[in-house]
Every structure is written in structure tokens, then in C-alpha cells.
Amino acid sequence: MAINLEKGQRINLEKSNGSKLQNICVGINWGAIEKKGFFGTSKEPVDLDGSCCIYDASKNILDTVSFKKLTSSDQAIKHSGDDLTGDLNGDDGLDNEVITMDLSRLNSNANYVAFFINSFRGQDFKDIPFASIRIYEGTPTRVSEVFAKYDVANDKAFAGSVSMILGVFYKRNDEWKFNAIGVPTADRTLEQTAVTIQQNHL
């Protein structure tokens, strides 16, 4: 059963059968904003950007994966591509953007991998329908087992914000774990968010 992530929660990457989660997908799902006007309703596209940043043990940035760079230099992390609209016709049950990560292929100097979201056009999280994040085992088109999920749309803590930090995978004694950060930031760009994580959340 998937864990509903809570701010500050630290969890081991262990599947229901007791084995360790090795191939991880971080999926982001959201919808377009419905606008009511004089001539009826219309859909306003939403461009959320899922990204991750890799840091070494000294908290130096090693690499960033985002819509600007879809694959990490070590080939361990891959981004499915930039979704510029969100679901225009309601929730189709599929993630709009997926970042996959193979922990076994990560750069040996990698000690932290942080995942975060930015609203590219500055649209407020509180206005974006069914925005959510989930961590699961599988592929961008096949979900084998949902490991944990985070509900952005229904968390009032994100109202008024356009960027948020999901959490950080971190290595302790050669074992990977996950820290659910779950906080909004005042940042406007993914570069700013990467620095905020570097300074405050590793």
C-alpha cells in the first residue's frame, strides 16, 4: 500500500516483498485550469516542470535533469519530456511527466538526489486541479507498485506558491533512503530551487 507522504517523513526504500526499490519512477500529474467567462468555460493550459538535482556529499551540484536536459550524464536518470498543458479533459489517470532513476547506475559521488516542481508560467498551485506526485516502481507507461504519493492540490500549505520540493533521496552507509521534504518555496525558477535545496534541505 502506498504511503501518503508527510512533511519531514523519512522512509526506507523497501518494497512490499522486502526487497529494495532500485528502479524508481517519480510521476507528476495535473490538470488544466478551468476558466469561466462571458461565453462559457475554457481551459487554461498549465505547465508544471518536474526536475531533479544530484549533489555530492559536500552538497555540490553534480548534475540536473529537467525539461532542459532530459538525461543525466551518468545515464541513471531520465525525464519523459516537457508537458506544456496538463490534462485538458480531466484526469486521465496517467502522469504528465515522469522522471525515472536507476540507483545502481548513479554516479558514485552522488549522495543526494532531490526532486522538485516549478510552475513555469507562475500559476498558483491552489488553482491547478488534481496536482499530485507519486513514487513508484515500473516505467513511464506501466505502474508495478506505488511506493509513496504526495497530494499537492489538496494541501493548503502550497496555496500562493509556484514551486515546491518533494523530497530527497539520500545515501547513508551505502544504502539509499528518502526524506519527504514537502514544502513550498518562494523560488520562480528551477535553478533557484536547486540552490534553495542545496542551502536548506540536504
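Residues numbered from 1 in each chain as written. Predicted model: local features only at pLDDT ≥ 70, side-chain atom pairs only at ≥ 80, totals over all residues. Heavy atoms only, no water.

### So, unusual backbone geometry
No. 1: Of note, the phi angle at Q75 is positive, near 70°, even though the residue is not glycine.
No. 2: Here the phi dihedral of N173 falls at roughly 50°; this positive angle occurs in a residue that is not glycine.
No. 3: Its location among the elements puts N173 in the loop between strand 13 (163–172) and strand 14 (175–185). (Helix = DSSP H or I, 4+ residues; strand = E, 2+ residues; numbered from the N terminus.)

### With respect to the nonpolar core
No. 1: With 39 residues, the main nonpolar core has I77, V113 and F169 as its most contacted residues.
No. 2: Listing elements by their share of this core, those giving two or more residues are strand 3 (23–29), strand 6 (48–55), strand 9 (97–102), strand 10 (112–119), strand 11 (132–139), strand 12 (142–151), strand 13 and strand 14.
No. 3: Excluding residues within four positions of it along the chain, I77 makes contact with C52, I54, V65, L70, T71, S72, I99, T100, M101, L106 and V113.
No. 4: Of all hydrophobic cores here, the second largest spans 13 residues; its members include C53, Y55, I181 and L190. (Core = buried A, V, L, I, M, F, W, Y, C linked by side-chain atoms within 4.5 Å. Buried < 20%, exposed > 50% of the residue type's maximum accessible area, 1.4 Å probe, protein only. Contact = heavy atoms within 4.5 Å.)

### Here's the deal with the packing of aromatic side chains
No. 1: Applying the stated rule across the entire model yields 5 aromatic pairs.
No. 2: When the ring of F125 is compared with that of F158, the centres are 6.3 Å apart and the planes differ by 85°; the resulting orientation is edge-to-face. Separated by 33 residues along the polypeptide, F125 in the loop between strand 10 and strand 11 and F158 in the loop between strand 12 and strand 13 bring together distant segments of the chain. Of the two residues, F125 and F158, both sit in the buried class.
No. 3: Taken together, the aromatic side chains of F115, F169 and F178 make up a single cluster linked through ring pairs.
No. 4: Sitting over the ring of Y136, R134 keeps its end group 5.1 Å from the ring centre. (Phe/Tyr/Trp six-rings, centres within 6.5 Å; stacked < 30°, edge-to-face > 60°. Lys NZ or Arg CZ within 6 Å of the ring centre and 35° of its normal.)

### Some points on the pairing of strand 11
No. 1: Bridge analysis of strand 3 against strand 11 gives 6 bridges, and the strand direction is antiparallel. Bridge pairing links C25 to Y136 in strand 11.
No. 2: Note that strand 11 and strand 12 share 8 bridges and pair antiparallel. Each bridged residue has a counterpart across the sheet, and for E137 the counterpart in strand 12 is E145.
No. 3: The loop that links strand 11 with its antiparallel partner strand 12 comprises 2 residues. (Pairing = 2+ DSSP bridges.)

### Comments concerning the environment of N60
No. 1: On the secondary structure map, N60 appears in the loop between strand 6 and strand 7 (61–65).
No. 2: Taking the C-alpha atoms as reference, N60 lies 43 Å from K35; in sequence the two are 25 residues apart.
No. 3: Residue contacts for N60: discarding those within four places in its chain leaves I54, Y55 and Q198.

### Side note on the state of the cysteines
No. 1: Scanning the entire structure with this criterion turns up 0 disulfides.
No. 2: Free cysteine C25: the closest other cysteine sulfur is in C52, separated by 12 Å.
No. 3: Looking at C52, it has no disulfide partner, and the nearest cysteine sulfur is the one in C53, 7.5 Å off.
No. 4: Judged by its relative accessible area of 0%, C52 is buried. (Disulfide = S-S within 2.5 Å.)

### Brief notes about the environment of I197
No. 1: Structurally, I197 can be placed in helix 1 (residues 190–200).
No. 2: A C-alpha to C-alpha distance of 9.6 Å links I197 and T185, two positions 12 residues apart in sequence.
No. 3: Setting aside chain neighbours within four positions, we find I197 in contact with Y55, A114, F116, I165 and L202.

### Examining the pattern of salt bridges
A pair can form between side chains of opposite charge whenever their charged atoms are brought close.
No. 1: Counted under the stated rule, the structure contains 6 salt bridges.
No. 2: Notably, a salt bridge pairs K126 with D127, separated by 3.2 Å at the nearest N-O pair.
No. 3: Given the relative accessible area of 38%, D127 is considered partly exposed. (Salt bridge = Lys/Arg side-chain N within 4 Å of Asp/Glu carboxyl O.)

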